[in-house]
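Survey of secondary and tertiary structure
In case you want the letters, here they are:
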There are 2 protein chains.
Amino acid sequence: MARHSLAFIGNKALWKCVVNLKELSELLGISQTTVSRALNGYPEVSEATRKRVMEAARTHNYSPNARAQGLAMGHSRCIGHVISVRDSSEMVNPIFGDFMAGAGETYARHGYEMMLTRVEADREADVYRNLKARGSVDGIVVQAPRMNDQRLAVLDEIGLPFVVHGRASGTTVPYSWLDVNNRRAFEEAAQYLLNLGHRRIALINGLEDLDFARRRRTGFEAAMAQAGVDVDPSLMVTDDMTEGHGYSNARAMLERAEPPSAFLVSSIICALGVQRALDERGLRLGTDVSIATFDDCLSYLGNGGETPVFTAARSSVRAAGAELADMLIQRIRTPDAPQVECLWEAEFVVGTSTGPYQG
Amino acid sequence: MARHSLAFIGNKALWKCVVNLKELSELLGISQTTVSRALNGYPEVSEATRKRVMEAARTHNYSPNARAQGLAMGHSRCIGHVISVRDSSEMVNPIFGDFMAGAGETYARHGYEMMLTRVEADREADVYRNLKARGSVDGIVVQAPRMNDQRLAVLDEIGLPFVVHGRASGTTVPYSWLDVNNRRAFEEAAQYLLNLGHRRIALINGLEDLDFARRRRTGFEAAMAQAGVDVDPSLMVTDDMTEGHGYSNARAMLERAEPPSAFLVSSIICALGVQRALDERGLRLGTDVSIATFDDCLSYLGNGGETPVFTAARSSVRAAGAELADMLIQRIRTPDAPQVECLWEAEFVVGTSTGPYQG
DNA sequence: TCAATTTGCCAAAGCGCTTTGGAATTTCTT
DNA sequence: AAGAAATTCCAAAGCGCTTTGGCAAATTGA
């Protein structure tokens, strides 16, 4: 057990950056108890000594050992996030970085760290069990819930606090969630396209075992039904939301006898692929063919400015990360508080990617 | 200290998922020592008891508490990654997700977790100090090193093992790194464009306080010089690598009296923006104007297949993550081993985004 | 056969922190 | 001035694990 030891107590020759409570207390000639209390703001210590202690802590660069502290206090001050990778596609969700940046901001403010685990998509439950058993995290953020997701039941059973980004239709356990009103967003977007005169509208959706994708389709179908337009099932595809899939699906549809005049797409990345398919056929975006999309406000894909490129239902995934982190921390602090449910409406913005149907 | 306690030892009514070593040993009527040794594969325990112990551990869902284990052993089995956010741009690096997925794979195989911290780009050193002082991580992966990056000196000083994704020109401390040969990659790409007859070639680079961006420019300039072509400084920009910046920079250049006939771009995301600028002006990609780019092989931006869209220098950031994770674990295990330096050559692929210069 | 190993197990110390239950010391009452 | 009440501090126990140093019992050697 190589522990960096103090060469000379009372001398200046302290080991850089590794002072522990015991050493600090010896240095000050005060008990560990008092030092600990002084640093943690307990009232049983005079302001004079508190000042002295805090100063010493600063000059000697003391920070309590996180593991020891956690062991003593029974928590880890750590939140678990899980990257699920489907061995089939190996795709990493592009929203991941922005979501984490948002969450990380909140965590930092509350003194939490975030712990990441990568796992194959069907073994997530094992990871949760393990994180709980090892006490590695105090809570978990569940991303991309699926239809009838059994993960929530597992988390509920093992008693690990969690919040969900999205919702999981068909799950019976109670849980806190934050979601965008995906149904409504896509209904609205579809209505907008319909109002422009489009009838053959294609839906390029995410994988429909994901709950949000299913909701989006529902919204799309509702708008179409309301307008009395039949949905051509062959114009609805569900696929990984990559640029490549946007391209290939759009291309296939455009090659058909009756190509769509508008596309409703699940993400900007995917929409860029659709756009490429248009370009390839010499179709002008917003004139010959329209695209509306969902926009997660990814930081490297700005779709803002005066006139956005893409007509879109917009909701910041980064803000969602920040808010969910807050919700989880509340949940951890007050486990008996009622579950929180939070439905955000997407903002619909009109860009240059849509235009009236050209007879 | 709410600790879930065992209701009835010896009875079936064990608290789900929370058995500790002591309880397990009492359950088995064996000392903690022996149970611990049995589970950790020490030889001082008979095969019979080992079997018995391991079975009990499995049925009772026992996993050692990570913090207690870490405290006793003096490590955290945890690797730190830092998300730097420049308050100016607030951009999250889009390669982040894929890099983490690659690294996570390696970590999982070796029993490490990854810990994420978000921090403003100029306060990274503080975070490193804190991670070290609190003992939160056993090592760190440094991403996106800058010119004369002082972070490496800090890490070296505080004795926290680290590896670097990229290199930091002007740093004096020794360190292990893995980098793509960015200079060469851009030299090769520029040469390719030059061989196609292009002379007015624009460089849309990343921020040049980042080391890799500087190297890319060097490569570009070398190729131009070698071909005897003067570089027009106004055709070289350095900016955040977003789609928006790709668009706006390309647009500005295309509006000029003497627009470039080819673009050399720092990332596919950025290249998509350039492409948009071309479309807007009715310029055909690969015919009227050529684009060559760097391709990090992001999982959601496939540029593969028979004929890639973009002519590109290609190197998988995911593979880099996996390899760097391996390097760091080696470094932690054998701190006295010599530093490892690893230079990967990008693979140059020809796509449809480039074509001969149209006099 | 008896000493010398080896085998299989255990009690206890320690990792660095928090917190309980006092014990001194000071200050306040009357 | 003496007892009550704060105030200020401390020793020690405990969080759940690993590891040291030993002690019996089983095995071996001559």
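Note that the coordinates shown come from a computational prediction; the quantities given were computed from them, not determined experimentally.

This next bit is on the overall build of chain A. In terms of helices and strands, chain A carries 12 helices and 12 strands. Computed over C-alpha atoms, the radius of gyration of chain A comes to 26 Å, more than 25% over the 21 Å expected from 2.2 N^0.38 for 359 residues, which places it beyond the range of a compact globule. Reported as C-alpha extents along the three principal axes, the dimensions of chain A are approximately 90 × 40 × 35 Å. For chain A, with 359 residues in total, the buried portion stands at 51%.

As a further point, take the domain arrangement of chain A. Under the domain assignment, chain A is made up of domain 1 (1-64), domain 2 (78-180 + 318-344) and domain 3 (182-314). Computed from C-alpha atoms alone, the centre-to-centre distance between domain 1 of chain A and domain 3 of chain A is 61 Å.

Moving on to the relation of the copies chain A and chain B. With an RMSD of 0.0 Å, the operation that places chain A on chain B is a rotation of 180° combined with a shift of 0.0 Å along the axis. The transformation just described matches what one would write down for a two-fold rotation axis. Of the interface residues in chain A, 100% have counterparts in chain B that sit at the interface too, so the contact is made through matching surfaces.

Attention now goes to the protein's contact with DNA strand C. Taken together, 27 residues lie near DNA strand C, and A:Asn20, A:Leu21, A:Ser36, A:Ala68 and B:Ser31 sit nearest. Looking at the surface near DNA strand C, the elements with two or more residues in it are α1 (21-28), α2 (32-39) and α4 (66-73) of chain A together with α2 (32-39) and α4 (66-73) of chain B. Considering every element that reaches the surface near DNA strand C, the biggest residue donor is α4(A), with 5 residues. Its residues assigned to classes, the surface near DNA strand C comprises 10 nonpolar, 13 polar and 4 charged.

Residue and element names in this part refer to chain A. Spatial strand order, β7-β6-β8-β9-β10-β12: 6 strands in an open sheet with mixed pairing. Of all strands in the sheet, those bounded by a partner on one side alone are β7 (236-238) and β12 (347-349). Strand-to-strand twist across the sheet, computed as the mean angle between neighbouring axes with direction ignored, equals 15°. Pairing of strand β10 (residues 311-314) with β12 involves 3 bridges; the strand directions are antiparallel. Counterpart to Arg314 in the pairing with β12 is Glu347. Across the face of the sheet, helix α10 (residues 243-254) comes into contact with β6 (201-205), β7 and β8 (262-265) while running at roughly 155° to β6. Seen against the sheet, helix α11 (residues 268-280) touches β6, β8 and β9 (290-295) and runs at an angle of roughly 160° to β9.

Our next topic: the sheet that holds strand β4 (residues 162-165) of chain A. Reading across from one edge, β11(A)-β5(A)-β4(A)-β3(A)-β1(A)-β2(A)-β2(B)-β1(B)-β3(B)-β4(B)-β5(B)-β11(B) is the order of the 12 strands in this open sheet, with mixed pairing throughout. Single-partner strands in this sheet number two, and they are β11 (341-344) of chain A together with β11 (341-344) of chain B. Looking at each pair of strands side by side, their axes are set apart by 20° on average, direction ignored. In this sheet, strand β2 (residues 113-120) of chain B lies alongside strand β1 (residues 78-85) of chain B in parallel orientation, the contact comprising 8 bridges. Residue pairing for β2(B): B:Ile79 is matched across the bridge by B:Met114. Seen against the sheet, helix α5 (residues 96-110) of chain A touches β1 (78-85), β2 (113-120) and β3 (139-142) of chain A together with β1 and β2 of chain B and runs at an angle of roughly 75° to β2(B).

Within the structure, DNA strand D sits among 27 residues, and A:Ser31, B:Asn20, B:Leu21, B:Ser36 and B:Ala68 are positioned closest to it. Mapped by element, the contributors of at least two residues to the surface near DNA strand D are α2 and α4 of chain A together with α1 (21-28), α2 and α4 of chain B. Considering only residue class, the surface near DNA strand D consists of 10 nonpolar, 13 polar and 4 charged.

All names here are of chain A. Judged by which residues are buried, β4 turns out to be covered on both faces: Phe162 and Val164 on one side and Val163 and His165 on the other are all buried. Pairing of β3 with β4, which is carried by 3 bridges, proceeds in the parallel orientation. Residue pairing in the sheet places Ile140 in a bridge with Phe162 of β4. Handedness of the crossover joining β3 and β4 through helix α7 (residues 151-158) is recorded here as right-handed. When β4 meets strand β5 (residues 176-180), the two strands line up parallel, connected through 3 bridges. Looking at the pairing, His165 lines up with Leu178 of β5.

What follows covers the confidence of the model for chain A. Scored by pLDDT, chain A comes out at a mean of 91, with 95% of its residues at no less than 70. For residues 1-16 of chain A, every residue scores under 50 in pLDDT, and the model assigns this stretch 19 contacts once sequence neighbours within four places are set aside.

The next point concerns the interface of chain A and chain B. With 59 residues of chain A in contact, the opposing surface of chain B contributes 59 residues. Only α4, β1, α5, β2, α6 (124-133), α7, α10 and α11 of chain A provide two or more residues apiece to the side of chain A that touches chain B. A total of 8 residues in the side of chain A that touches chain B trace back to one element, the largest contributor, which is α5(A). Relative to β2(B), β2(A) runs antiparallel, the two being bridged by 3 bridges. Residue pairing for β2(B): A:Leu116 is matched across the bridge by B:Met114.

Turning next to the nonpolar core. Counting residues in hydrophobic clusters, the biggest one holds 176 residues, and the most contacted among them are A:Leu264, A:Val274, B:Leu264 and B:Val274. With residues near it in sequence (within four places) discarded, B:Val274 still touches B:Ile204, B:Gly246, B:Tyr247, B:Ala250, B:Phe263, B:Val265 and B:Ile291.

Another aspect to go through is the packing of α5(A) against helix α12 (residues 317-333) of chain A. Each packed pair of helices is defined by two parameters, the angle between the axes and the distance between the axes. Residue and element names in this part refer to chain A. At their nearest, the axes of α5 and α12 sit 6 Å apart, and the two run at 40° to each other. Remark: the crossing between α5 and α12 carries right-handed chirality. Along its contact with α5, which presents Asp98, Phe99, Met100, Ala101, Gly102, Ala103, Glu105, Thr106, Tyr107 and His110, the element α12 presents Val317, Arg318, Ala319, Ala320, Gly321, Ala322, Leu324, Ala325, Asp326 and Ile329. Partitioned by chemical class, the residues of the contact of α5 with α12 number 12 nonpolar, 4 polar and 4 charged.

Before going further, it helps to examine the packing of α1(B) against helix α3 (residues 47-59) of chain B. All names here are of chain B. Look at α1 against α3: their axes get within 11 Å of each other, and the N-to-C directions meet at 125°. Judged on the interaxial angle alone, α3 and α1 are oblique. Along this stretch, α1 crosses α3, giving a crossing that reads as right-handed. Residues Leu24, Leu27 and Leu28 of α1 form the contact with α3, whose own contacting residues are Arg52, Val53, Ala56 and Ala57. Across the contact of α1 with α3, the residue classes break down as 6 nonpolar, no polar and 1 charged.

Basis of the calculations
Residues numbered from 1 in each chain as written. Chains lettered and ligands numbered in written order. Predicted model: local features only at pLDDT ≥ 70, side-chain atom pairs only at ≥ 80, totals over all residues. Helix = DSSP H or I, 4+ residues; strand = E, 2+ residues; numbered from the N terminus. Rg over C-alpha atoms; globule rule 2.2 N^0.38 Å. Buried ≥ 20, exposed ≤ 12 C-beta atoms within 10 Å, placed from the backbone. Domains from an automatic or database assignment. Least-squares fit on C-alpha atoms with pLDDT ≥ 70 in both. Contact = placed C-beta atoms within 7 Å. Near = placed C-beta within 6 Å. Nonpolar A, V, L, I, M, F, W, Y, C, P; charged D, E, K, R; others polar. Pairing = 2+ DSSP bridges. Axes fitted to C-alpha atoms, helices over the stretch in contact; angles between N-to-C directions. Right-handed = clockwise from strand over helix to strand, strands pointing away. pLDDT = per-residue confidence, 0-100. Core = buried A, V, L, I, M, F, W, Y, C linked by C-beta atoms within 7 Å. Left-handed = near helix turned anticlockwise from the far one by under 90°. Parallel < 35°, antiparallel > 145°, perpendicular 65-115°, else oblique.

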